[in-house]
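# Examination of the molecular architecture
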Amino acid sequence: MLPLADRRARGIVAAVFVLLATVQLVRLAAMSLGTGVYDEDFRQEYCLARALAAGEPLYEPMPVMIARYIDGPAGLAMPTSPNHPPPAALLALPLAAVGYPTAARLWLALQLLLLGWTIQCLARELGWGREAGWIGVAAAVVWTPVALDLQVGNLHVALLATLVASWRAWRRGRALEAGAWLGLGTAIKLVPGYLVLYLLLRREWRAVAAAVVVCAGLALGVTLLAGPAIWPDFVSALGTSIGVYQEEGFNVSLFGMLHRLTHGVRDIGPLLPGVGDGWITVAAAVVLLGPALIAAARPAPAQDPPSDLDWALFVTAIVLVTPLAWHHSYALLVLPILLLGRQLVPGGLRPVHAVVLLGLTVPVELLAMAVRALATGLGVVPGGVAPGVVGLPYVVPTVACLAGFVALARMRLRA
């Protein structure tokens, strides 16, 4: 039985998180009921689904699709075509039957349900009590990457649900179910497919086969509905999006950070102008990630139990090595953070925990304010190109993610 002081401390923590989560939910509801609903990334899924239902091209420029399918303000500019894979249209197809504002609100409700289920699933699997699970749900709602994903209506909460469901089935020995969940996540947004590499290295053939069958089945379904031309259109749209959004500057992947430092972006010059060749950026990413990935991906006999640390390492690598990632992409890091946090119990708070948690939690707005303050202090006029040092605040989340990755890799090597 917990001492009274511990129960009181837990009650205070729970009350704080519940209060903050309530404020956040009220804020999200107010945004979904106002014009902010027209600024959401969910517009991509909605337009894809409407185009699929109408038999129209899926990958036209977003301004054209928004004008055609969304009755309301144009919202924040989305200059490219949708960059999510064609099966994502199947995900939103049931919501295409209603108007966009209603569909966006239903999507927010679905995100919250998925988040609640995911955290409770983690709580049960990691041996928490139900009460701790609900505290975890409240904490997740207010954690910056998750809160941002809920605000913009992106897909990372849904991807987190598929990753956690796959992890739970995989560690319980249900290979087909694990692969099926992973295939579903890959069909929605490609990046979970990195985990298929780990399954291949473990020779988990049934899981790999299930992932391929589910992903290919969804791809075939949308191809039969829309025609094979959607795939070259998608590849072209994805390449264009990476090029356009890469120049916006706030790309939290390792590739994005290195690109910003060596090439510069639209309004920030390179910090290391002498190493601007693309191969150097790729080589640096390989050097930084390679040793830890090799440690995690070491082939293991099929009878060996799966390692949570391996899974956490590969999930973290997803965020680091993808060409384009935003701050809400870090919503996928819930499980790695929890596994890293297990060190808190026997070892106490260490500097790496503070670096990771603070770096991943700092709001995007604060980083942007720091960039503007640096630019102003250096006398950069609006519209001018700032020196590379101005972009340094943007490396904070990436460095924090990389620090967590290295800490997990060390834990894996010790294990």
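Residues numbered from 1 in each chain as written. Predicted model: local features only at pLDDT ≥ 70, side-chain atom pairs only at ≥ 80, totals over all residues. Heavy atoms only, no water.

## Some remarks on the overall build of the protein
To be explicit about the condition: A run of H or I in DSSP counts as a helix once it spans at least four residues, and a run of E counts as a strand once it spans at least two, with each numbered from the N terminus. Residue contacts are counted whenever heavy atoms from the two residues lie within 4.5 Å of one another. Note that accessible areas follow from Shrake-Rupley with a 1.4 Å probe, and for residues the cover is restricted to the protein chains shown.
Scanning the protein for helices and strands turns up 20 helices and zero strands. Once local pairs closer than 6 in sequence are excluded, the contacts in the protein between residues at least 24 apart make up 73%. Per element, the accessible surface of the protein, about 18400 Å² overall, is 71% carbon and sulfur.

## Describing the nonpolar core
Our working rule: Among the buried residues, those of types Ala, Val, Leu, Ile, Met, Phe, Trp, Tyr and Cys that are joined through side-chain atoms within 4.5 Å form a nonpolar core. The rule is simple: take the accessible area with a 1.4 Å probe, protein chains only, and divide by the maximum for that residue type; under 20% is buried, over 50% is exposed, in between is partly exposed.
Ranked by size, the top nonpolar core spans 115 residues in total, and within it Phe42, Leu115 and Leu360 carry the most contacts. Here this core gets ten residues from one element, more than from any other, and that element is helix H15 (residues 308-321). The contact partners of Leu360, leaving out residues within four places of it in the chain, are Trp143, Thr144, Pro145, His327, Tyr330, Leu333, Ile337, Pro397, Ala400 and Cys401.

## Observations regarding helix H16 (residues 334-341)
Within H16, seven of the eight residues are buried, which leaves it mostly tucked inside the rest of the structure. Of the residues making up H16, those classed as buried are Val334, Leu335, Pro336, Ile337, Leu339, Leu340 and Gly341.

## Re unusual backbone geometry
Of note in the backbone geometry, Leu190 takes a positive phi value of approximately 60 degrees without being a glycine. On the secondary structure map, Leu190 appears in the loop between helix H9 (175-189) and helix H10 (194-201). Classification of Leu190 as partly exposed rests on a relative accessible area of 40%.

## Some points on the packing of aromatic side chains
Keep this limit in mind: Planes of paired rings set the category: under 30 degrees apart is stacked, over 60 is edge-to-face and the rest tilted, where pairs are Phe, Tyr or Trp rings (Trp by its six-membered ring) whose centres lie within 6.5 Å.
Enumeration over the complete set of coordinates arrives at 13 aromatic pairs. Taking 5.7 Å as the distance between ring centres and 40 degrees as the angle between the ring planes, the aromatic pair formed by Tyr38 and Tyr100 counts as tilted. Here the residue Tyr38 occupies a position in the loop between helix H1 (4-33) and helix H2 (42-54), and Tyr100 occupies one in helix H5 (residues 100-125), the gap between them amounting to 62 residues. The exposure class assigned to Tyr38 is buried, which follows from its relative accessible area of 12%. Its relative accessible area of 2% is what places Tyr100 among the buried residues. Relative to Tyr198, the ring of Trp170 lies with its centre 5.5 Å away and its plane at 75 degrees, an arrangement referred to as edge-to-face.

## Quick word on empty space enclosed by the protein
Threshold: With a 1 Å grid spanning the protein atoms alone, the term cavity applies to any set of points in which a 1.4 Å probe fits but cannot get out, the term pocket to an open set with protein on both sides within 12 Å along at least five of seven lines, and the term lining residue to any residue with an atom within 4 Å of a point. Grid points are joined across faces, edges and corners, and a volume is the space filled by probe spheres set on the points. In this classification, the charged set is Asp, Glu, Lys and Arg, the nonpolar set is Ala, Val, Leu, Ile, Met, Phe, Trp, Tyr, Cys and Pro, and all remaining amino acids, among them Gly, are polar.
Tallying each qualifying case throughout the model produces three cavities of 30 Å³ or more. Roughly 80 Å³ of volume is contained in the largest cavity. Lining the largest cavity, in full, are Thr316, Leu333, Pro336, Ile337, Leu340, Val356, Leu360, Ala400, Cys401, Gly404, Phe405 and Leu408. At the level of secondary structure, the elements contributing two or more residues to the lining of the largest cavity comprise H16, helix H18 (351-361) and helix H20 (396-414). Per-element tally for the lining of the largest cavity: the top contributor is H20, with five residues. A breakdown of the residues in the lining of the largest cavity according to their chemical character gives ten nonpolar, two polar and no charged. Reported here for the second largest cavity is a volume of approximately 40 Å³. If you trace the second largest cavity, you find it lined by Leu28, Met31, Ser32, Glu40, Leu108, Leu150 and Gln151.

## Quick notes on the environment of Thr80
Structurally, Thr80 can be placed in the loop between helix H3 (62-69) and helix H4 (87-92). Classification of Thr80 by relative accessible area gives buried; the value is 5%. For the pair Thr80 and Tyr245, spaced 165 residues apart in the sequence, the C-alpha separation amounts to 9.2 Å. Apart from the residues lying within four places of it in its own chain, the contact partners of Thr80 are Pro61, Met62, Thr240, Ser241, Val244 and Tyr245.

## Description of the confidence of the model for the protein
Test applied: Each residue carries a pLDDT value, the predictor's own confidence for that position, ranging from 0 to 100.
Summing up the model confidence of the protein, the mean pLDDT is 84 and the portion of residues at 70 or higher is 88%. Confidence drops under pLDDT 50 across residues 1-5; counting only partners more than four residues distant or on other chains, this segment forms three contacts.

## So, a nonpolar patch on the surface
Heads up, the rule is: The patches reported here contain residues having more than 30% relative accessible area and no salt bridge. Joining distances are 9 Å for like charges and 5 Å for nonpolar side chains (Val, Leu, Ile, Met, Phe, Trp, Tyr). Salt bridges are defined as contacts in which a side-chain nitrogen from Lys or Arg sits within 4 Å of a carboxyl oxygen from Asp or Glu.
Taken together, Leu271, Leu272, Leu378, Val389 and Leu392 make up a surface patch of nonpolar side chains, about 390 Å² in accessible area. With respect to the secondary-structure elements, Val389 resides in the loop between helix H19 (364-377) and H20. Residue class for Val389 comes out partly exposed when judged on its relative accessible area of 35%.

## Notes on the side chain of Ser32
Relative to the helices and strands, Ser32 is located in helix H1. Residue classification places Ser32 among the buried residues on the basis of a relative accessible area of 7%. Excluding anything up to four places from it in sequence, Ser32 contacts Val37, Arg105 and Leu108.

## Concerning H10
Note the following rule: Arc definition: it is the arc formed by the directions from the helix axis to the C-beta atoms.
Those residues of H10 that fall on the buried side of the exposure criterion are Leu195, Val196, Tyr198 and Leu199. What you see down the axis of H10 is that its buried residues fit within an arc of 155 degrees, all on one side. Phi for Arg203, located one or two positions after H10, is positive at around 60 degrees.

## Considering the environment of Gly11
Here Gly11 shows up in helix H1. The exposure class of Gly11 is partly exposed, given its relative accessible area of 36%.

## Describing the pattern of salt bridges
Scanning the model with the defined rule gives five salt bridges in all. For Asp308, the salt bridge identified is with Arg171, shortest N-O distance 2.7 Å. Of this pair, Asp308 sits in helix H15 while Arg171 sits in helix H8 (residues 156-171), and the two are 137 residues apart along the sequence. Overall, the relative accessible area of 29% leaves Arg171 in the partly exposed class. Among the ionic pairs, Glu177 bridges to Arg174, the shortest N-O distance being 2.7 Å. On the basis of relative accessibility, which here comes to 26%, the residue Glu177 falls in the partly exposed class. Its relative accessible area of 34% is what places Arg174 among the partly exposed residues. Within this structure, Glu125, Arg171, Arg172 and Asp308 form a network of salt bridges that share partners.

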